[in-house]
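# Remarks on the overall topology
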Amino acid sequence: MRKKISAVIALVLVLAITLCACGSGSNSVTPNNSGSNTKDFVFKSGSATIAMKAEAEPLLKALGAYKNSYEAPSCAFDGMDKIYSYGGFDLMTYTQNGKDLVSGVVLRDDTVETPEGIAIGSSADAVKKAYGEFEKDATSATYKSENCKLLIIFENGVVTSVQYIALVEK
Amino acid sequence: MKKRIVKIVICVVLLAATLFLLQKLLVPKYATTNEEGILSSEYYANAGNNDVLFIGDCEVYTNFSPVKLWRDYGITSYIRGTPQQLTWQSYYLLEDTLRYETPKVVVFNVLAMKYAEPQNEAYNRLTLDGMKWSRTKLDAVKASMTDEETVASYIFPLLRFHSRWNELSSEDINYLFRTEKLSHNGYLMRVDAKPAGQVPDPVPLPDYTIGHKCWEYLDKIRETCEQKGIKLVLIKAPSLYPAWYDQWDKQVVEYAAKYGLEYINFYTLADETGIDYNTDTYDAGLHLNLSGAEKLSAWFGKYLKEKCGVEDRRSDAALAAEWAEREEFYEFMKEAQYKQLREEGAVTRYK
C-alpha cells in the first residue's frame with residue numbers, strides 16, 4: 001500500500017514538474033511583437049530612413065526637433081505609444097522590451113512624399129504605377145512588405161492619406 | 001474492493017489538489033502589476049442593490065465615481081468596466097450581472113464599437129478570467145477568443161500559465177489565496193493631473209463602417225434591457241484620445257434614434273460638465289482623474305435622477321451603512337495618493 005501511494009505521489013510530482021518545465025521564454029500575457037527588417041517599404045526624411053519596427057531613438061536624433069509630441073499610455077499594460085509631429089508627417093512609436101520602436105508614419109500634407117514619389121494629392125494612376133494594381137473604384141489600396149503595411153486612401157481618384165503601418169502580432 | 005476504491009479516491013484527490021495548488025500559484029495575481037485584471041472579479045462581493053450598471057472599457061472605470069453618485073444623489077451603482085472591454089464582452093458582463101441583480105439603468109460606453117473582431121489574449125484575460133464560471137462565461141470566452149486561444153485554457157488556466165514558473169515573484173506567494181480591494185464599486189481612482197496639451201490629429205481610416213458583430217451585440221444588450229424593463233443609455237466618455245470619429249458618432253446617433261435610446265456624447269458637453277482638460281485628466285486626455293470623474297458624475301447623477309427616475313436611497317439605513325464603508329475606503333485611497341504626490345511627486349500605486 002505504502003509503495004503504491006509513494007508511486008502515486010512520485011507520479012503527481014513528475015506531472016507537476018513536467019507542466020512547469022515544458023514552457024520556455026516569456027509567459028507574460030502582454031501584447032508582443034516581433035520581426036525583422038528586409039526589403040520593407042520605408043519612409044525617408046532628410047538623412048533618416050524610417051523602417052517599421054526600427055528603433056526610434058537614432059531616428060529621432062536624425063530627424064531633429066519635432067513640432068509636437070503626444071504620449072498615450074496603454075490602458076493596462078506597461079508601455080507607451082508616442083506620436084511625434086514633424087509638420088508634413090507624424091512618426092508613431094510603441095514600447096517593446098523597454099525600447100521605443102516605430103509603429104507607423106502618417107503623411108499629413110503634400111510637402112512630403114514616399115520614396116516612390118507618392119504624396120497627398122497624387123492620382124490613383126500614379127499609385128498604380130508606383131506600387132501596383134488595386135481593385136477598380138477602390139477607395140483605398142494596401143500593399144504589404146515584411147514588416148510594413150502601406151495604406152493609401154483615395155477620394156475621387158486622388159490620394160488623401162498615406163500611412164505606413166508596422167505589421168505586429170496582436 | 002473497498003481498499004481499491006479508497007486508493008483510487010486518494011490518488012484522484014491528491015492529483016486534483018496538486019493541480020489546484022499549481023494553478024493557484026501560476027496564474028497572474030494582478031495585485032501589484034496590471035491591477036485592472038482584478039476589476040472583473042471584484043464585482044461579486046458587491047453584487048446586489050445597484051440601481052445603475054455601467055459596462056464598457058477604461059472609459060467607464062476611470063471616468064465615473066459611484067461614491068460621488070451616492071454622496072450627491074443617493075444613487076447606487078456599479079461599474080463593470082475592464083480594459084479594452086469589447087462589445088460582446090459588455091453584453092456577457094450584463095448577462096452575468098443579471099444573474100445577481102436587475103438594475104434600473106444600464107449605461108454602455110460605445111468606444112469599443114470601433115473593434116469588430118477579437119483583439120488580443122492579454123486584454124481578453126483581464127476581462128474573462130475574473131468572471132465566475134457559468135454558461136455566460138463560456139459564451140463570453142467563445143465570442144472573445146483569438147485564433148491562438150482555446151476554451152480549455154480558460155477552464156484550466158494552468159494550461160496557459162504552466163510555463164510561468166520562471167517568472168514567479170513574491171507577489172505570487174503573498175496573494176496565493178487572497179486579493180486586496182482595489183476599486184470603488186468598479187471605479188479606479190487616480191488623483192494626479194497631466195494637462196492634455198496638443199492632441200494629434202486623427203488618422204484617416206479607409207472605412208468608417210462600424211462592424212456587424214458590434215451591432216449584433218448592441219442589439220443583444222438593447223433587447224435584454226427591454227425584456228428586463230431596464231432603461232439603456234448609450235454614452236461616449238469625454239476622452240480626447242484615441243479618436244472617436246464623427247462618422248462613428250453619426251452611426252450611433254442613428255441607432256439611438258431608431259430604437260428611441262438616449263445617447264450622450266460627453267465630449268460635446270465639456271462646458272456643461274465643467275471638464276477642464278488642463279486639470280481633470282491624469283494622462284493628457286485619455287482618462288479623467290478624480291476631479292474629472294467627480295465632475296462628470298455630478299452632471300450624470302442629475303441626469304439619472306431627473307431623466308431616468310433613479311431614486312435617492314440614502315434613507316435606507318442598511319444601504320447607508322454599506323456606502324459609509326465605501327466612502328471610508330475612497331477617502332483612504334484619495335489621501336494615500338495625495339500623500340504620494342506630496343512626498344514622491346507622482347502617483348505610482350493606487351494605495
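Residues numbered from 1 in each chain as written. Chains lettered and ligands numbered in written order. Predicted model: local features only at pLDDT ≥ 70, side-chain atom pairs only at ≥ 80, totals over all residues.

A word on the overall build of chain A. The helix and strand tally for chain A stands at three helices and nine strands. The order of helices and strands in chain A, counted from the N terminus, is α-β-β-α-β-β-β-β-α-β-β-β. Counting only contacts in chain A whose residues sit at least 6 apart along the sequence, the fraction spanning at least 24 positions is 42%. (Helix = DSSP H or I, 4+ residues; strand = E, 2+ residues; numbered from the N terminus. Contact = placed C-beta atoms within 7 Å.)

With that settled, the discussion passes to the overall build of chain B. In terms of regular secondary structure, chain B is built from 15 helices and five strands. Rg of the C-alpha trace for chain B: 21 Å, near the compact-globule value of 20 Å for 351 residues, within the 12% margin. The dimensions of chain B, computed from C-alpha atoms along their principal axes, are 75 × 50 × 45 Å. For chain B, buried positions account for 42% of its 351 residues. Within chain B, residue pairs in contact and separated by at least 24 positions form 81% of the contacts whose partners lie at least 6 positions apart. (Rg over C-alpha atoms; globule rule 2.2 N^0.38 Å. Buried ≥ 20, exposed ≤ 12 C-beta atoms within 10 Å, placed from the backbone.)

Residues and elements named next belong to chain A. Sheet architecture is open: seven strands sit in the order 3-4-5-6-9-8-7, paired in antiparallel fashion. At either end of the open sheet lies a strand with only one pairing partner, and these are strand 3 (68-73) and strand 7 (140-144). Averaged over neighbouring strand pairs, the angle between their axes works out to 15 degrees when direction is ignored. Inspection of the sheet shows strand 4 (residues 80-85) paired to strand 5 (residues 89-96) by four bridges, in the antiparallel sense. Within the sheet, the bridge partner assigned to Tyr84 lies in strand 5 and is Leu91. Where helix 2 (residues 56-63) meets the sheet, its contacts fall on strand 4, strand 5 and strand 6 (99-107), and the angle it forms with strand 6 comes to roughly 50 degrees. (Pairing = 2+ DSSP bridges. Axes fitted to C-alpha atoms, helices over the stretch in contact; angles between N-to-C directions.)

In this section: the environment of Val162 of chain A. All names here are of chain A. With respect to the secondary-structure elements, Val162 resides in strand 9 (residues 158-166). A sequence separation of 37 residues divides Val162 from Asp125, and the C-alpha atoms of the two residues are 15 Å apart. In this structure Val162 touches Leu107, Thr114, Ile118, Ile120 and Ile152, once residues within four positions along its chain are discounted.

This next bit is on unusual backbone geometry. Cis geometry is adopted by the peptide bond preceding Pro242 of chain B, which originates at Tyr241 of chain B and carries an omega value of -5 degrees. With respect to the helices and strands, Pro242 of chain B occurs in the loop between strand 4 (231-236) and helix 12 (246-259). Although it is not a glycine, Asn97 of chain A adopts a positive phi angle of roughly 50 degrees. Inspection of the secondary structure assignment puts Asn97 of chain A in the loop between strand 5 and strand 6. Although it is not a glycine, Asn156 of chain A sits at a positive phi angle of roughly 55 degrees. Here Asn156 of chain A shows up in the loop between strand 8 (148-155) and strand 9.

On to helix 15 (residues 317-344) of chain B, then. Residue and element names in this part refer to chain B. Under the 1.5 Å per step criterion, the end-to-end length of helix 15 is 40 Å for 28 residues, consistent within 8% with the ideal 40 Å. For helix 15, the complete set of buried residues consists of Trp323, Tyr330, Met333 and Gln337. On its buried side, helix 15 packs onto helix 4 (66-73). Where helix 15 terminates, the next one or two residues include Gly345, which has phi positive at roughly 80 degrees. (Expected span 1.5 Å × (residues − 1).)

A separate point is the sheet that holds strand 1 (residues 52-56) of chain B. All names here are of chain B. Pairing is parallel across the open sheet formed by five strands, whose spatial order is 2-1-3-4-5. Across the chains shown, the open sheet's two edge strands, defined by having one partner strand only, are strand 2 (77-81) and strand 5 (262-265). Between one strand axis and the next, the sheet turns by 20 degrees as a mean value, whatever way the strands run. Where strand 4 lies against strand 5, four bridges are found, and the strand directions are parallel. In the strand pairing of strand 5, Ile235 is matched with Ile264.

It is worth spelling out the pairing of strand 4 of chain A at this point. Residues and elements named next belong to chain A. Sheet topology places strand 3 next to strand 4; six bridges connect them, and they run antiparallel. When the bridges of strand 4 are listed, Ser69 appears paired with Tyr84. Two successive antiparallel strands, strand 4 and strand 5, enclose a turn made up of three residues, where Gly87 displays a positive phi of approximately 85 degrees.

Our focus in this paragraph is the pairing of strand 8 of chain A. Most of strand 8 of chain A sits out of view: six of its eight residues are buried. Two successive antiparallel strands, strand 8 of chain A and strand 9 of chain A, enclose a turn made up of two residues, where Asn156 of chain A displays a positive phi of approximately 55 degrees.

A pair of packed helices can be characterised by two numbers: the angle between their axes and the separation between those axes. Residue and element names in this part refer to chain B. In contact at an axis separation of 8 Å, helix 5 (residues 87-97) and helix 11 (residues 212-228) are set at 20 degrees when each is read in the N-to-C sense. By the angle between their directions, the pair helix 5 and helix 11 is classed as roughly parallel. The handedness of the crossing between helix 5 and helix 11 comes out as left-handed. Residue-level contacts link Thr87, Trp88, Ser90, Tyr91, Leu94 and Glu95 of helix 5 to Lys213, Cys214, Tyr217, Leu218, Lys220, Ile221 and Thr224 of helix 11. (Parallel < 35°, antiparallel > 145°, perpendicular 65-115°, else oblique. Left-handed = near helix turned anticlockwise from the far one by under 90°.)

Right, let's get into helix 6 (residues 121-128) of chain B. All names here are of chain B. Summarising burial for helix 6: eight of the eight residues are buried, a large majority. Of the positions making up helix 6, those classed as buried are Glu121, Ala122, Tyr123, Asn124, Arg125, Leu126, Thr127 and Leu128. Close packing links the buried residues of helix 6 with helix 2 (39-42), helix 5, helix 7 (135-144) and helix 8 (151-155).

What follows concerns the confidence of the model for chain A. All names here are of chain A. On average, residues of chain A carry a pLDDT of 82, and 74% of them reach 70 or more. For chain A, helix 1 (residues 2-21) is the element with the lowest average pLDDT, namely 52, and strand 9 is the one with the highest, namely 97. Low confidence marks residues 20-38, where pLDDT is under 50. Its contacts with residues over four positions away, or in another chain, come to 35 contacts. (pLDDT = per-residue confidence, 0-100.)

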